[in-house]
Amino acid sequence: MNIEFTLNGLQHKVTITSAERAIDVLAKQCGIKSLAADCLDGHCGKCLILLDGTPAYSCIMPAFLLRDRRVETIDYFLKSREYDLLITELHRYGTLSCSGYHSAIALMGMMLLQKKKAPQSDEIFDALENIHCNCLEPADFEAAVLNAYQKSKPTRKQYESE
Amino acid sequence: MNLSEINFPQTIPELLTIISRENDIQLIGGATTFGYLQATRYLSFSNTIAIVSRIPELHAIHKTERMISYGAACTLSELEHVYPFEYPQPASLLRTIATSAVRNVATIGGHLMYDRSFLSLWPLLACLDAELEFRAASQSHIKNIWYLVDENGKHCAAGNEVLARIRIPLLSIDHIYIKRIGSNIFPGGDGAHLVALASVDRRSINFFRLVLAGTRAFRDFEAEQRITSASIPLSPKIAQNVLHMYSESLRKTNFWNTDLILPLIGQILEDLQR
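What you see is a predicted model; the values in this text were computed from it and never measured.

**What about the overall build of chain A?**
Inference 1: Scanning chain A for helices and strands turns up six helices and five strands.
Inference 2: Its C-alpha radius of gyration of 16 Å places chain A within 12% of the 15 Å reference for a compact globule of 162 residues.
Inference 3: Summarising its shape, the C-alpha atoms of chain A cover approximately 55 × 30 × 25 Å along the three principal directions.
Inference 4: In chain A, once contacts between residues fewer than 6 apart in sequence are set aside, the share between residues at least 24 apart is 57%.
Inference 5: Accessible surface for chain A amounts to roughly 7,400 Å². Of this, 48% is attributable to carbon and sulfur atoms.
Inference 6: Across chain A, the mean location of the 18 positive side-chain charges is 5 Å away from that of the 21 negative side-chain charges.

This is the structure:
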């Protein structure tokens, strides 16, 4: 059957079967290369996408659940200023040493940077829990995200301190 | 590779029409279980599937003075800030079910109707005497959540009815005890959750409920009645009596490890007195 959904800001129409996982449709039919289907059980996090703005594992999701949804991958954010700030901070804290998880870590970071208020610790650790990377130090990720957030919204910093 | 006909009903009547038409149909909420349990690259479902997660009526959360009700397609994330997950222990229990990437998609209906075992939230909602509203072709039925338990304590299917809403009476709870027992709580494992709730009013126990659920569910209503209206601190005689009742009823089930569980129940009774 045909389904339509928004992927990285663009409307996509794809033909799917009930047997296909979302990650396979995104990779094969939509050309997304930033996702990996390593575990197929929603464990590693390399397949993370944002589904209507919140994280979801595309490897355990049937493709038909993408219908009429808004999907974002890290590719959507690559050209944004916030992305550059985030990557700089992530590198500074050494949180991108594990190459297999770059996309997932950056995507969780970008999700947190979209928040209207500075992300709280529990939100940051909640996001990080979705990624099963043993190299990643949670405190470093938190510091990188908060620094990037502050730098990306200088006027907000001024209001918060008043 | 088994290919299924996929339906996206927009309303409950439309869903019920599809169900009445098809013999072999599977209702899908967040589908988080299928993608996890099926190790093959390609997923397999029944001949016909109906996606319930996009029906607006199944997403609504309503609250009155006495009751809160969730639509069965509410995701676990959507419940994080509503009763009873405003209490710290239930909130913590909700978070332990899975990571947020799963909770954002998994539905409360799918969680409760999972038929291989009773998942984490089931014993909590059973303690709260939650009611399940099922819709059939021309009528709706409201049943206590214990309706899903057969005479052997196992999860039983609800037939051709659709779980529409979960209704929970709003209770004032003074004591919440939630303990995970066993090494592996995920479907297929052998773990269980022990949940106990109590309310104390003027040094007297208003209500006491204790549910144990994993592969099977257990509750001893007589033991609960014995302790209700008892004064705090509990007399040694009442405490011994209640423990004896639980010991007997656990042994009768021939399933639960009484030696493991009885000390926990003893701990719960002690905690009540603090």
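**Considerations on the interface of chain A and chain B**
Inference 1: Counting residues at the interface gives 28 residues for chain A and 33 residues for chain B.
Inference 2: Note on chain A versus chain B: buried area summed over both sides is about 2,500 Å², and carbon and sulfur give 57% of it.
Inference 3: Between Asp-126 of chain A and Arg-95 of chain B there is a salt bridge, with the nearest N and O atoms lying 3.2 Å from each other.
Inference 4: In this structure, the connection of chain A to chain B is made through 12 residue pairs in polar contact (both at pLDDT 80 or more).
Inference 5: For the side of chain A that touches chain B, the secondary-structure elements that each account for two or more residues are helix 1 (22–28), strand 3 (48–51) and strand 4 (54–57) of chain A.
Inference 6: Element by element, the count of residues in the side of chain A that touches chain B is highest for strand 4 of chain A, at four residues.
Inference 7: In terms of residue class, the side of chain A that touches chain B is built from 14 nonpolar, four polar and 10 charged.

About the cut-offs
- Along each chain, residues carry numbers from 1 onward, in the same order as the chain's sequence is written.
- In the order they appear in the text, chains get letters beginning with A and ligands get numbers beginning with 1.
- In keeping with the predicted nature of the model, local features appear solely for residues at pLDDT of at least 70, side-chain atom pairs appear and are counted solely at 80 or more, and the whole-chain, interface and lining totals rest on all residues.
- Calculated side-chain values reflect all of the structure's heavy atoms, with hydrogen atoms and water omitted.
- Helical segments are the DSSP runs of H or I of at least four residues, strand segments are the runs of E of at least two, and each set is numbered from the N terminus.
- Each radius of gyration reported is based on C-alpha atoms, and the globular scaling rule is 2.2 Å times the count of residues to the power 0.38.
- Whether two residues are in contact is decided by their heavy atoms, any of which lying within 4.5 Å being enough.
- In these tables, accessible area is a Shrake-Rupley quantity obtained with a 1.4 Å probe, and a residue counts as shielded only by the protein chains included in the view.
- The charge count treats Lys and Arg as positive and Asp and Glu as negative. His and the chain ends do not count.
- Every charge is mapped to an atom, namely NZ of Lys, CZ of Arg, CG of Asp or CD of Glu.
- Joining two parts hides part of their accessible area as seen by a 1.4 Å probe, and the buried area is that hidden amount summed over both.
- Salt bridge, as applied in this entry: a Lys or Arg side-chain nitrogen positioned within 4 Å of an Asp or Glu carboxyl oxygen.
- Side-chain atoms alone can form a polar contact between residues adjacent in sequence; in general such a contact is a pair of N or O atoms within 3.5 Å, and within protein one must be able to donate a hydrogen while the other accepts it.
- Ten residues, namely Ala, Val, Leu, Ile, Met, Phe, Trp, Tyr, Cys and Pro, are considered nonpolar, four, namely Asp, Glu, Lys and Arg, are considered charged, and the remaining ones, Gly among them, are considered polar.

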